[in-house]
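# Commentary on secondary and tertiary structure
The primary structure of each chain is shown beneath.
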Amino acid sequence: MADRFQISKVNGSANVNAAFDAEPGCANNNAAPAEHPPNGPATIVADGGHAHDNHLQPKAAEGVENRRTSRLSFRGFGQFLRKSDAERKFSLAQLTKESLPRLDNYRISMRNLKRPSIGELQGEAADQSITIPDAAEPEPTGGNIKLGWIVGVLIPCLLNIWGVMLFLRLSWVVAESGIMWSLIIIAISTVVCVITTLSLSAISTNGEVKGGGVYFIISRSLGPEFGASVGVVFAFANAVSASMNTIGFCESLNVLLKNNGLIIVDNGINDIRIVGSITVLVLILICCVGMEWETKAQNFLIVTIVLAIFNFLIGAAIGPRDDETLISKGFVGFSWSTFKENFVSDYRYAEGVNHDFFSVFAIFFPSVTGIQAGANICGDLKDAGAAIPKGTFWALLISMTSYALFVLFAGGAAVRDASGFPQDLINGTIVPSELPCMHDGSCTWGLFNSYEMMQLMSLWGPLIYAGCFAATLSTALTNLLSVPRLVQALGIDQIYPGLIYFSKPYGKHGEPYRGYVLTYFISTSFLLIGELNLIAPLISTFYLASYALINFCTFHAAFVKPLGWRPTFKYYNAWISLFGFAMCVAIMFLINYVAAILTFGIIFALYLVVMYRKPDANWGSTTQAQQYKAALMAVHRLQNVSDHVKNYHPQVLVLAGDPKTRPPLVDFGYLLTKNNSLMFVGNIIPVRVGYKNRLNLLKDGQKYLDARKIKAFYNVIDGFSIEDGINALIKTTGFGKMSPNIVLVGYKPDWNSCRKEEVESYFAILHNAFSQRMGVALLRLPNGLDFSELTPEVTMPEGNLGHLQTANAQGFANELLPAANAASELLHIDSNLNLASMDSPSPNASFTMPQQAPMPNMQRGARSYKVNNSDAAAITYHTKGGSEVPKTILDAMTIFTRKQAKGTIDVFWLYDDGGLTILLPYIISMRSHWQNCKLRVFTMCHGRDEEQEEKSMASLLTKFRIKYSELIMLKGVQDQPRHDTMLKHKRLIEPFRRSPRNEFGITDEELHSMAEKTQRQLRIHELVVKHSSNASLVVMSLPMPRKEAISAPLYMSWLEMLTSDIKCPVALARGNQTPVLTLYS
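Looking at an unreviewed UniProt entry, the protein carries the name Bumetanide-sensitive sodium-(Potassium)-chloride cotransporter, with the source organism given as Drosophila virilis. What UniProt states about the protein under its Subcellular location (unreviewed entry) heading is, verbatim, "Membrane".

Shown next, in the form of structure tokens:
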């Protein structure tokens, strides 16, 4: 019952919570007896005093005594009730339905006192019903054509795989590891390549692969961070691989020159450096001139290499044909004893390294790289889904078979050591234990000591040279061609600033000439090392890292399963790809853990650079899909978690309009949510602005928030009235548990001069927020919140916030032009909710955004002032004339982001709303900029035992763990306000009094029925001014906006009185009557 006392026995004392006065207009008034007069309660005058002003004095109504008696007819109150109205004062509990902040309201027990619900306070009907509407959906397609699987995949892969190792190092691998372990090395390499090929086939058939090959695949799958870092490493590996193959070419050329008695400098490392540098330069120039001929020449190159392979196999099968010179050099022909001798490993010290299985593996592995050649031109294939796996697997089968045959033929037909002297032969063959060179280590021939064994064993030696030249130069040329393209792809994507310069395209084909110069210097610098065996392990590490990430890409995509993951190649498995990833990483560390750590360190450093720069790269990566999936799962889990007061978070919907024009309101909201909870910023535009304009507004507002490092979600609703738009925002913003529970609005300073519809709308917004069970906070600054006369310009540093590369991100700022559109004046809440615009069908649709209420003391000028300066962005505010931006304006604009001097945050916790009024200032006091400000808590008492109530309040704050410096019980709240205060209020509402000419306004009946409440608000105003004249911030309980009980102008007059004459920011707050604080751990 609205009019009855609620009495509960707690610790032997009666606790009385009264309802609202049974004034007419209250929704619960129907509980009052029918004979009660329609007018409000009896006159309340201070002892010995008189009414100071008639506009606040209720008329003495007939039957008042009867009404009071019927209301308070409880045993034990007889003495109290026998007093006349003039003789007695009513306690606060008799004057309001509000409950004060008390310990018992927060108990989880039968003794828990129930504070009135928000519905009871609003006087809303018990039964309410709602209806919900529906929605609908759309769809897309694609295609491409060119090369078949032989020309497009098989031949390029074979040319890349068959390289320097085939003719120059495979025989040495057999000598070190023996036939068995060499075949195991080939088998492990094959497993790595097959698994990677499966992964590559899946990932490259999940959409077109463009320029950049492996970089493109990884970046579009795992995102720019991984893709770019691996892309740089892969480009580097290709450049070094070009050096390695050039060194191989130079070594074979040196042998050829030496055999013909020719010499350049020393027929050694210096010759390799000189010839290699010239060769790389020539190859680079060929690349620059154009590679149209390479496709035509690749058939000739592949034929040459195949002929050379068969040349060796046939020659080895035929044997030395009793040529003692060939036999003395180690080519003894097939024999079981030779095969058995070479079957096991014999690792030796060579070129400064004590070799073992993994060091030999590291030198061999670059010979199997090149499986990505088909994927590099995936977009040019007729049927990529069939061509890539088919061509790559055939290339692997052919190349690995050729390697295995080479191992068997070399190991079965040649010995490890030989002197080259026919006189060392015993019975026409070599007996290793009897060789003189074996004792002093001076053997110069045999598989161990000579890289010429392939030529020696072949049918026709010159063809091996031709094959070696074709294999090394074609692979080097392919590598040198791919590096600039990869650098260009990185530069086009603007991932690393240093590479953008080298990506500039020239000519009709967009050749990256600067990239070729960079590639030349990288390749030449490694070529100068001159030792193939030193370079090969480094390349192996780089290639294994990129293969590991290709496998991880496929695993990640198959595991996350985004809807965009639809590869046409189906013969892959996520767990096999994961095994491939683990295998590559393990081999990297087994080969050389220092090189592996260094490689991953480089990848991680490059990853961090991309993470820091945040490039303009939104490619729908699986990393994004995983983030979405993880967030979705977390939200679903959160949805099933019951709310608990200990886990309460203030999730704020800030009705700031365009955030650039209300920085303090946005800053205040972020002060409450920073690093703790959600914040939404809402903007209502009363007219339709069109999709593109709305999208630009969203990007512009979000860019501003991001530039100021404010973590918030910005939303724009157009085509609704202010009131309907805000109702829609409140009901639809967020989802599930990730929805706002507090509405933050700016105070409306022009309420007494604007149109009546605006006042009504503002009042309705506050009322409707409570109806949706939201908490409400209202902010007022001494000079207002509206800074729309300043035009903010967000300046982005190069590379930062690149995902917002819009016109606005480049410094464009909308001119905020004044306009006379009536829609814009609908509601000026001092938070830019009066934004108006015109829809335009053109692609460049534009509209004006009118702003009222120019800033106080604002002079129009052309000067600018940088308000926020950070590494992320600089926000500069401009004026339009020649004057400077006043310092007072800048101070007001940055009030909540500046370090505060020592002071106090005064909290007037007048009514128990669940604790939000005390929680918000406590959160603010914990922020670094406000930690010098101590909390002072002011609260009211029922007027009985003030000392006991103060102890009870102190105990409550202690149990809440709220640190405060002072607790003050407000005395004299029920006293009559001063005459000047009442006169000020009278003048304030005078224009709103109802009259024959003004049907909208405050009636005499309402004024008298709300007299006690109005007097209390005026008295609270006096107490706030008295106690908080030097406070840094004042937070107080917001009066309930009850539509049925009070008119909008009278309510606004209360807010005006409560927040006026205070020099610091004032926040009025009220929770939704559910607890946000708890006593319990």
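### So, the environment of Phe343
On the secondary structure map, Phe343 appears in helix α13 (residues 336-343). Phe343 sits 162 residues away from Trp181 along the chain, and the two C-alpha atoms are 8.1 Å apart. Excluding residues that lie within four positions of it along the chain, Phe343 makes contacts with Gly178, Ile179 and Met180.

### Thoughts on the confidence of the model for the protein
Predicted confidence across the protein gives a mean pLDDT of 77, with 77% of residues reaching 70 or more. Low pLDDT, under 50, characterises residues 127-145; the predicted model gives this stretch seven contacts beyond four residues in sequence or across chains. The model gives residues 798-872 a pLDDT under 50, and that stretch makes 240 contacts with residues more than four places away or in other chains.

### Regarding a positive patch on the surface
A surface patch of like charges, here positive, comprises Lys614, Lys674, Lys709 and Lys711. In this fold, Lys709 is placed in the loop between α27 (691-707) and β7 (713-718). Judged by relative accessible area, Lys709 falls into the partly exposed class, the value being 48%.

### Looking at helix α22 (residues 532-560)
Over its 29 residues, α22 extends 42 Å from the first C-alpha to the last, a length consistent with the 42 Å expected when each residue adds 1.5 Å. Among the 29 residues that make up α22, 24 are buried, leaving the element largely enclosed by the rest of the structure. One or two residues past the end of α22 sits Lys561, with phi positive at roughly 55°.

### With respect to the packing of aromatic side chains
Overall, the coordinates contain 36 aromatic pairs when judged by the stated rule. Where Phe249 meets Phe469, the ring centres are 5.0 Å apart and the plane angle is 65°; that geometry is what we call edge-to-face. Here the residue Phe249 occupies a position in helix α9 (residues 224-259), and Phe469 occupies one in helix α19 (residues 461-492), the gap between them amounting to 220 residues. Ring geometry for Phe334 versus Phe409: centroids 5.2 Å apart, planes at 80°, classification edge-to-face. Taken together, the residues span a long stretch of sequence, with Phe334 in the loop between α12 (324-328) and α13 and Phe409 in helix α16 (residues 384-413) at a distance of 75 residues.

### Structural notes on unusual backbone geometry
Phi is positive for Asn675, close to 55°, though the residue is something other than glycine. Even without a glycine there, the phi angle at Lys709 is positive, about 60°.

### As for the packing of helix α23 (residues 574-591) against helix α24 (residues 593-613)
At their nearest, the axes of α23 and α24 sit 5 Å apart, and the two run at 125° to each other. It follows that α23 is oblique to α24 by the angle criterion. From α23, Val585, Met588, Phe589 and Ile591 reach across to α24, where they touch Tyr593, Ala596, Ile597, Thr599 and Phe600. The residue makeup of the contact of α23 with α24, split by class, is eight nonpolar, one polar and no charged.

### Some points on the state of the cysteines
One pass over the full model with this rule turns up one disulfide. The side chain of Cys437 participates in a disulfide bridge whose partner is Cys443; the two sulfur atoms lie 1.9 Å from each other. With the S-S dihedral at roughly 80°, the linkage between Cys437 and Cys443 falls on the right-handed side. Between Cys1064, a free cysteine, and Cys933, which holds the nearest cysteine sulfur, the sulfur-to-sulfur gap is 10.0 Å. In this structure Cys1064 comes out as buried when scored by relative accessible area, which is 6%.

### Some thoughts on a nonpolar patch on the surface
A contiguous nonpolar patch, built from Ile264, Val265, Ile274, Ile278 and Val282 and spanning about 410 Å² of accessible area, is present on the exposed surface. Tracing the backbone shows Val282 in helix α10 (residues 269-289). Taking relative accessible area as the criterion, Val282 reaches 42% and is therefore assigned partly exposed.

### Re the sheet that holds strand β14 (residues 933-940)
In space, the 10 strands of this open sheet follow the order β7-β6-β5-β8-β9-β17-β16-β13-β14-β15, with mixed pairing throughout. On the outer flanks of this sheet lie β7 and β15 (966-970), each paired with one strand and no other. Ignoring which end each strand starts from, the neighbouring axes of this sheet average 20° apart. Summarising the sheet, strand β8 (residues 742-746) and strand β9 (residues 775-780) pair through five bridges and their orientation is parallel. Counterpart to Gly746 in the pairing with β9 is Leu779. Together, β5 (652-655), β6 (679-685), β8, β9 and β17 (1066-1070) form the strand contacts of helix α26 (residues 663-673), whose direction differs from that of β5 by roughly 175°. Along the sheet, helix α32 (residues 946-959) contacts β14 and β15; its crossing angle with β15, the most-contacted strand, is approximately 140°.

### Re the pairing of strand β13 (residues 903-908)
A regular strand carries its side chains on alternate faces of the sheet. Burial runs high along β13: six of the six residues are buried. What you see with β13 is no split at all: Gly903, Ile905 and Val907 on one side and Thr904, Asp906 and Phe908 on the other are buried throughout. Both β13 and β14 contribute to a ladder of six bridges, which runs parallel. By the bridge assignment for β14, Asp906 is matched with Arg936. Crossover connection from β13 via helix α31 (residues 916-926) to parallel β14: handedness right-handed.

Calculation notes
Residues numbered from 1 in each chain as written. Predicted model: local features only at pLDDT ≥ 70, side-chain atom pairs only at ≥ 80, totals over all residues. Heavy atoms only, no water. UniProt positions renumbered as here; feature names shortened; annotations may be inferred. Helix = DSSP H or I, 4+ residues; strand = E, 2+ residues; numbered from the N terminus. Contact = heavy atoms within 4.5 Å. pLDDT = per-residue confidence, 0-100. Patch = residues over 30% accessible without salt bridge, like charges linked within 9 Å, V, L, I, M, F, W, Y side chains within 5 Å. Areas by Shrake-Rupley, 256 points an atom, 1.4 Å probe, with all protein chains shown as cover. Salt bridge = Lys/Arg side-chain N within 4 Å of Asp/Glu carboxyl O. Lys, Arg positive; Asp, Glu negative; His and termini not counted. Charge placed at Lys NZ, Arg CZ, Asp CG, Glu CD. Buried < 20%, exposed > 50% of the residue type's maximum accessible area, 1.4 Å probe, protein only. Expected span 1.5 Å × (residues − 1). Phe/Tyr/Trp six-rings, centres within 6.5 Å; stacked < 30°, edge-to-face > 60°. Axes fitted to C-alpha atoms, helices over the stretch in contact; angles between N-to-C directions. Parallel < 35°, antiparallel > 145°, perpendicular 65-115°, else oblique. Nonpolar A, V, L, I, M, F, W, Y, C, P; charged D, E, K, R; others polar. Disulfide = S-S within 2.5 Å. Pairing = 2+ DSSP bridges. Right-handed = clockwise from strand over helix to strand, strands pointing away.

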